[in-house]
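# Commentary on secondary and tertiary structure
Single-letter residue listing:
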Amino acid sequence: MIKFENVSKQYAAGFEALQDVSFSIGAGELVFLTGHSGAGKSTVLKLIMLMERASSGSVQVANKALSVMGSKDIPLHRQQIGVVFQNHQLLFDRSVFENIVLPLRICGYQADDAARRVRAALDKVGLLSREKINPQQLSAGEQQRIGIARAIVHKPKILLADEPTGNLDPQLSAEVMTLFKQFNQVGTTVLVASHDLSLIRRMNCRTLTLKEGRLIDDV
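Structural notes, computed from the coordinates. Just so it is clear, the model here is predicted, and its values are computed rather than measured. Sequence order as written defines residue numbering, which begins from 1 separately in each chain. Local features in a predicted model are, by the rule used here, given only for residues with pLDDT of at least 70; side-chain atom pairs are given and counted only at 80 or more, and totals for whole chains, interfaces and linings are based on all residues. To get the side-chain values, take all heavy atoms of the structure and skip hydrogens and water.

Right, let's get into the packing of aromatic side chains. Working definition: a ring pair exists when centres of Phe, Tyr or Trp rings (six-membered ring for Trp) sit within 6.5 Å. Plane angles under 30 degrees give stacked, over 60 give edge-to-face, the rest tilted. Taken as a whole and assessed by the stated rule, the structure comprises one aromatic pair. Whether a charge lies above a ring is judged from NZ of Lys or CZ of Arg, which has to be within 6 Å of the ring centre and within 35 degrees of the ring normal. Stacked on the ring of Y11, the Lys or Arg K9 has its end atom at 5.0 Å from the ring centre.

Here, strands pair whenever DSSP counts at least two bridges between them. The helix and strand labels rest on DSSP assignments: H or I over at least four residues marks a helix, E over at least two residues marks a strand, and numbering proceeds from the N terminus. On the basis of which strands lie adjacent, the open sheet formed by six strands has the order β6-β7-β8-β3-β9-β10 and mixed pairing. Here the strands that pair on one side only, and so sit at the sheet edges, are β6 (81-85) and β10 (214-218). Across the sheet, the axes of successive neighbouring strands diverge by a mean angle of 20°, strand direction being ignored. Across four bridges, strand β9 (residues 206-211) lies against β10 in antiparallel orientation. Each bridged residue has a counterpart across the sheet, and for K211 the counterpart in β10 is R214. A contact between two residues is defined here by any heavy atoms of the two lying within 4.5 Å. Interaxial angles span 0 to 180 degrees and are taken between N-to-C directions of axes, which are lines fitted to C-alpha atoms, for helices over the stretch in contact. Against the sheet, helix α1 (residues 41-49) touches β3 (30-35), β6, β7 (158-162), β8 (189-193) and β9, its axis set at about 150° to β7.

Strand order in the open sheet formed by four strands is β2-β1-β4-β5, with antiparallel pairing between adjacent strands. Each edge of the open sheet is held by one strand with a lone partner, namely β2 (16-25) and β5 (64-65). Strand direction decides the pairing type here: strand β1 (residues 2-10) and strand β4 (residues 56-61), joined by five bridges, are antiparallel. Bridging from a neighbouring strand, S8 pairs with S56 of β4. Contacts between α1 and the sheet are confined to β1, β2 and β4, with β1 contributing the most and set at about 115° to the helix.

So, about unusual backbone geometry. One non-glycine residue, N6, adopts positive backbone phi at about 50°. If you trace the backbone, N6 turns up in strand β1. In this model, K155 sits at a positive phi of 55°, which is unusual for a non-glycine residue.

Within the secondary structure, K41 is located in helix α1. Polar contact is defined as a pair of N or O atoms within 3.5 Å, subject to the rule that within protein one atom must be able to donate a hydrogen and the other to accept it, and that residues adjacent in sequence are counted only when both atoms are side-chain atoms. Only 3.0 Å separates the side chain of K41 from the backbone oxygen of G35, close enough to count as a polar contact. Engagement of the side chain of K41 in a polar contact is seen with the backbone oxygen of H36, the distance being 3.2 Å.

Okay, the side chain of Q143 next. In this fold, Q143 is placed in helix α5 (residues 140-152). Summary of the burial criterion: residues with accessible area below 20% of their type's maximum are buried, those above 50% are exposed, and those between are partly exposed, where the area comes from a 1.4 Å probe applied to protein chains only. Look at Q143 and you get buried, because its relative accessible area is 12%. A distance of 3.0 Å separates a polar atom in the side chain of Q143 from the backbone oxygen of P135. The residues contacting Q143, other than those within four sequence positions of it, are H88, L90, F92, P135, Q136 and L138.

The topology assignment puts D123 in helix α4 (residues 111-124). Taking the relative accessible area as the measure of exposure, D123 reaches 52% and is therefore exposed.

By the element assignment, N134 lies in the loop between α4 and α5. Sequence separation between N134 and D93 is 41 residues, and the spatial gap between their C-alpha atoms is 7.4 Å. Aside from chain neighbours lying at most four places away, what touches N134 is F92, D93 and R94. Within the structure, the side chain of N134 is placed 2.6 Å from the backbone oxygen of F92, a separation counted as a polar contact. At a separation of 2.8 Å, a polar atom in the side chain of N134 contacts the main-chain amide nitrogen of Q136.

Structural data, given as structure tokens:
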């Protein structure tokens, strides 16, 4: 599903964020990506989403080489990927429902179908009764679950999460990870970038470890 072959990423200032990184993640896997701040975790996710392009090497997603994709191909590529951020990136001038339905409207879903998908996503994260309120009225854990609902509302093949529990206490972190595990159990490929080693150990999943842009462990 995701394949990196000898991937390096160098930014304009000369900083090399990734150096000769190779790994494969199969369809339906749940994998953690860890390492110190600045190790290259976010860069890996950005390359998968085509927010950045590799300086050298090959990145493939769903058996397609990202290097040959033009700008017109990017929207279709991103439709198969859901993304969860640490800071939720919710719009506080809109309701919970409006936050989650937005990507569906951008993709051209019919209103009835979009509403059904939003409510199904809210039900999966346990917040169906909250659709009409403003996200500011929710706790940090609930806001993160709204972010997750938005990421999975279009039923993506791949779910990426960038430090999704960074602002949460241990109990809420465990609840979020349980959600990721549930999505994985129905076939979604999940890649979670996190520096929370205790949480990763409790999940007992395959873990890729980066250090100064290099992959130093895959267990």
